[in-house]
Amino acid sequence: MKDYLDLQLVMTNRKIKEAGINPVLGYLLGLIVFGLLSEYIFYKTAFAKYLFILACFSFQFKLSENSRTDFLLSTFGDRSKHKIRILENLIVCFPFVSILTYKNLFFEAFLLFLCSIILALFSFQSNLNFTIPTPFSKRPFEFTTGFRKTFFIFPIAYALTIISINVGNLNLGIFSMLLIFLTTFSYYLKPEIEYFVWVHADSPKSFLKKKIRIATKNSILLTIPILIGLSIFYPMEFKLILSILFIGTLFLWTIVLAKYSAFPEEINLVGWFIIAFTLSFPPLMLFIIPYFYTKSINNLKLILNDKN
């Protein structure tokens, strides 16, 4: 068990070194960014505690996938597997619990800590045995596959919108829209196989424009029920609602471009720092989007064999 944890630490340190950052400095910067981002989120929304709990669970669900827990079981046995999973979940929840405790949200912190231990004892199937229909075609694979993995989030978001309208709480409706965008962001975090980019008969510019156009169209398709509902019942706040949609769309562009700026590798630590700072101060997107776009163009030229 100790060898496994040591290996995970070595692999994490290696990724940080590949970004050109000393691991100790990387961990320190990560904590600083996480702290600043947390302060910003708690300042901006009354639903920050729910966002924190949801974010923590999303990381822990990935650690509890069947394929992963089956490997731990076959390698270390049932008892050691549970110890490893509990320790992993506690490591993941520690920053979130620390922030909740700092904000005097002791009940939420204790609940997250307890649920983290309980979740470590279970495994979850990431692939379902039946096909869930989607409102998307097969071509935008990010939304087709992503929607099927996260379909349960959308009824929750739409239900929150209805509750927002019934209780007269616009913030809850805004949260439901942000929940949709956060979900769609996750569709672009993992790079596809290089071959699935190479087969496109596009220049880097047309390829990126196509990706951004599809991402924009599909994300708006998922958020438009919330947009219409909030606009009808909160007409005086239409500009605010529209601005949230606009900022969410711009941030989606940022994620898409960040993905291909690092392709075929995953977004590195520096990229995530840039994204985190952009999230804390949205006007930075006016500079970050062109930066990632230029970097993506240069990167994709090597794959799409563009001669221009």
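Residues numbered from 1 in each chain as written. Predicted model: local features only at pLDDT ≥ 70, side-chain atom pairs only at ≥ 80, totals over all residues. Heavy atoms only, no water.

Observations concerning the nonpolar core
The nonpolar side chains of a soluble globular protein tend to be buried, and buried together.
Consideration 1: Counting residues in hydrophobic clusters, the biggest one holds 52 residues, and the most contacted among them are Met 177, Tyr 188, Val 197, Ile 241, Tyr 260 and Leu 300.
Consideration 2: For this core, the elements supplying multiple residues, two or more each, are helix 7 (141-150), helix 8 (153-167), helix 9 (170-185), helix 11 (204-233), helix 12 (238-262), helix 13 (269-280) and helix 14 (285-304).
Consideration 3: When near neighbours in sequence (up to four residues on either side) are disregarded, Tyr 260 contacts Glu 142, Glu 192, Val 197, Phe 207, Leu 208, Lys 211, Ser 296, Asn 299 and Leu 300.
Consideration 4: Within the second largest apolar cluster, 17 residues are counted, among which are Ala 48, Leu 63, Val 97 and Leu 119. (Core = buried A, V, L, I, M, F, W, Y, C linked by side-chain atoms within 4.5 Å. Buried < 20%, exposed > 50% of the residue type's maximum accessible area, 1.4 Å probe, protein only. Helix = DSSP H or I, 4+ residues; strand = E, 2+ residues; numbered from the N terminus. Contact = heavy atoms within 4.5 Å.)

Side note on the pattern of salt bridges
Consideration 1: Under the defined criterion, the tally for this structure stands at six salt bridges.
Consideration 2: A salt bridge links Lys 190 to Glu 266, with the nearest nitrogen and oxygen atoms 3.0 Å apart. One end of the pair, Lys 190, is in the loop between helix 9 and helix 10 (195-198); the other, Glu 266, is in the loop between helix 12 and helix 13, with 76 residues separating them in the sequence.
Consideration 3: The exposure class assigned to Lys 190 is exposed, which follows from its relative accessible area of 56%.
Consideration 4: For Glu 266, a relative accessible area of 40% corresponds to the partly exposed category.
Consideration 5: The partner of Glu 192 in a salt bridge is Lys 259, with the nearest N and O atoms 2.7 Å apart. Linking Glu 192 in the loop between helix 9 and helix 10 with Lys 259 in helix 12, this pair joins segments that are 67 residues apart in sequence. The same class applies to Glu 192 as to Lys 259, namely buried. (Salt bridge = Lys/Arg side-chain N within 4 Å of Asp/Glu carboxyl O.)

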